[in-house]
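Coordinate analysis (summary)
The residues making up each chain are set out below.
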Amino acid sequence: MKSKTPKTTHRALLKWMGKMVEMCRPEWVHWCDGTQAEADRLFAEMVKRGTAIKLNPKKRPNSYLFRSDPRDVARVEKRTFICSHSKDDAGPTNNWEEPRAMRHKLKELFAGCMKGRTMYVIPFSMGPVGSPLAQIGVQVTDSPYVVVNMRIMARVGNQVLKVLGEHGFFVPCLHSVGRPLPPGEKDVAWPCNPENTYIAHFPEERTIVSFGSGYGGNALLGKKCLALRIASCMARDGGWLAEHMLITGVRNPEGEKTYVAAAFPSACGKTNFAMLIPPKEMKGWKVTTVGDDIAWIKPDAEGRLFAINPENGFFGVAPGTSRQTNRNAMESCRKDTIFTNVALTDDGDVWWEGMTPKPPKHLIDWLGQDWTPDCGRVSSHPNSRFTAPLVNCPCLDSEVDNLAGVPIKAFVFGGRRMHDIPLVYQAFTWSQGVYMGATMGSEQTAAAEGKVGVVRQDPMAMLPFCGYHMADYFRHWLKVGKNLEERPRIFHVNWFRKNEKGEFLWPGYGQNMRVLRWIVERANVRAFAKESAIGWLPRYQDLDWRGLDFSKEQWDELMAMDRERTKTLTLAHEELFIRLFDHLPKEMIFERELLLSRL
Ligand code: SAT
Ligand code: MN
């Protein structure tokens, strides 16, 4: 086994590494330094092996296309486990496995699993290097694709080892694609092992072990595994919040900036909201992006909440992204980007459904096959992605690297609700806001699994990402709020309401700025609202309508709330609450009772 000397004297790290090498038996060990030269070399090797395609540097400088195994295209929730000592700690919404039994199973799978391959060691920081809100992880992986992605999504390399020092705390993250390479055998383009995939979290030990998949959140262990599942447990124990939230700065014409964190279930336009471009008539208003997926939020000594984006890049869904829907996202992936499972154009660029109104006449699709507009197939996988560095984003906030984070003044929860929920309302109190987040849900679209129109409950968009009992998570939110000196205001939005004819009542996208302006002005106690049964509502005249022809009648339809229907909706919350019952904080029951009595 060949290995360069690591740039660390961290005893526990070197000891863990020794054990991993002994178990996985790689041919080589490589300590990643995170440099461009290192990435260039890995890309060149992957191009040579047929795993990557270098895109036309005139069209897409420094960018590459990868096609995964069609069996390895998304997170696999049924193979994702929280292995806490007690099953009760994982709660009824997580898959649980007894930690010793899981370790035993994994040990067998990992024995010799890197034979014939290189083991890469990736020291990474989630959050600006050296920030008191950041966390360090070390990922061991046999996938060079993971290395080049982690380099974009996290801060990687020697500066992380420096901060870690000799005794610093780190989260060990072990990953293998699960396909040893016997001598003389030719490698496949995308090695994986879908029959034996496991994504296992050990919350008490703060460790992550993932086997069999090379894709997204299964393999880039800093993201959902560390920054949400393990971090949610760290946050519970440390009095802070690890949330599936975007962070944006909203600057008013006077130059004052207000930061907002927002949680939406998937397919609700989270990245679009994080990079919103205000209508030009709303002169002087600007939105800047701190993050589009994850927020770590911590009270400071004065009891105010400060947030960082633990990530350093965007892992965005490609289909549907265009210059019309999200110009800033298109700019972000204009260069230095890794594309996975999108289509290749004849001139060496990428294309996906929705990028342009008219598709190119010919493409190579995500499966590597010829594609024409009339072939009856999509060219790109619905979960195809771009991995792009934050620094490419034209509306990146100036404070992304601020070690102290940015002050959060408002939380926004949202869902896709075609029939019942008004465009926007504000919770009366923090605990009602927590209830609002706990009961949020989204109506299923034809594209997703499940019955169309049925509301799927996804509390704070954390259902697949909370590393402990969901009801204890609600309790934690209540507790954090109690100790704050300045509590952010909590809002609910719904961009997706339709009329009887099935037409959207609200234009969405950049027009959401009108709602966002009301939200930040409410958070700064500057805008009016009227009391209603569900919370504070803006009146028609409370929104900025410059440049949009939207009548009072349209507004009334959009904001209408049917009391009987809303009562019935609270019944739907019961399904989840009954599952969580033995841990559910009593505030959740009282908030429901209060809501029903106001109705
Ligand atoms: O694949 S990821 O988990 O990183 C993205 C997602 O599914 O939200
Ligand atoms: Mn996400």
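First things first, this report covers the structure right here in the doc. (Residues numbered from 1 in each chain as written. Chains lettered and ligands numbered in written order. Predicted model: local features only at pLDDT ≥ 70, side-chain atom pairs only at ≥ 80, totals over all residues. Heavy atoms only, no water.)

**A closer look at the overall build of the chain**
- Of regular secondary structure, the chain possesses 16 helices and 32 strands.
- In terms of overall size, the chain behaves like a compact globule, its C-alpha atoms giving a radius of gyration of 24 Å where 599 residues would be expected to give roughly 25 Å.
- In terms of overall dimensions, the chain has C-alpha extents of about 70 × 55 × 45 Å along its principal axes.
- By the burial criterion, 59% of the 599 residues in the chain qualify as buried.
- In the chain, of all internal contacts separated by at least 6 residues, the share reaching a separation of at least 24 is 74%. (Helix = DSSP H or I, 4+ residues; strand = E, 2+ residues; numbered from the N terminus. Rg over C-alpha atoms; globule rule 2.2 N^0.38 Å. Buried < 20%, exposed > 50% of the residue type's maximum accessible area, 1.4 Å probe, protein only. Contact = heavy atoms within 4.5 Å.)

**Considerations on the nonpolar core**
- If you look at the biggest cluster of nonpolar residues, it comprises 160 residues, and the most contacted ones within it are Trp296, Ile408, Phe411 and Trp477.
- Here the element with the most residues in this core is helix H8 (residues 222-238); it accounts for nine residues.
- Ile136, Val138, Val140 and Phe170 belong to the second largest nonpolar core, which has 31 residues in total. (Core = buried A, V, L, I, M, F, W, Y, C linked by side-chain atoms within 4.5 Å.)

**With respect to the site of ligand 1**
- Around ligand 1 lies a shell formed by Arg75, Gly216, Gly217, Lys223, Lys224, Phe315 and Arg385.
- Arg75 is positioned with one of its side-chain polar atoms (N or O) 2.7 Å from an oxygen atom of ligand 1.
- Within the backbone of Gly217, one N or O atom sits 2.9 Å away from an oxygen atom of ligand 1.
- The protein chains hide 88% of the 260 Å² of surface that ligand 1 would expose on its own. (Near = heavy atom within 4 Å. Polar contact = N/O pair within 3.5 Å; in protein donor to acceptor, adjacent residues only side chain to side chain. Areas by Shrake-Rupley, 256 points an atom, 1.4 Å probe, with all protein chains shown as cover.)

**Observations concerning the sheet that holds strand E25 (residues 385-389)**
- Taking strand neighbours across the sheet as the criterion, the five strands line up as E3-E4-E20-E25-E19 in an open arrangement whose pairing is mixed. The open sheet has two edge strands, strand E3 (52-54) and strand E19 (313-317), and neither has a second partner. Each adjacent strand pair in this sheet contributes to an overall mean axis angle of 20°, direction not counted.
- Where E3 and strand E4 (residues 64-66) come together, three bridges link them in antiparallel fashion. Counted as the bridge partner of Lys54 is Tyr64 from E4.
- Sheet contacts for helix H2 (residues 36-49): E3, E4 and strand E20 (338-340); angle to E4, the most-contacted strand, approximately 50°. (Pairing = 2+ DSSP bridges. Axes fitted to C-alpha atoms, helices over the stretch in contact; angles between N-to-C directions.)

**A closer look at the pattern of salt bridges**
- One pass over the full model with this rule turns up 34 salt bridges.
- Between Glu195 and Arg71 there is a salt bridge; the shortest N-O distance is 3.6 Å. With Glu195 in the loop between strand E10 (171-176) and strand E11 (198-202) and Arg71 in the loop between E4 and strand E5 (80-82), the pair connects residues that are 124 residues apart, well separated along the chain.
- Its relative accessible area of 55% is what places Glu195 among the exposed residues.
- One salt bridge in this structure joins Asp293 and Lys223, with 2.9 Å as the shortest N-O distance. (Salt bridge = Lys/Arg side-chain N within 4 Å of Asp/Glu carboxyl O.)

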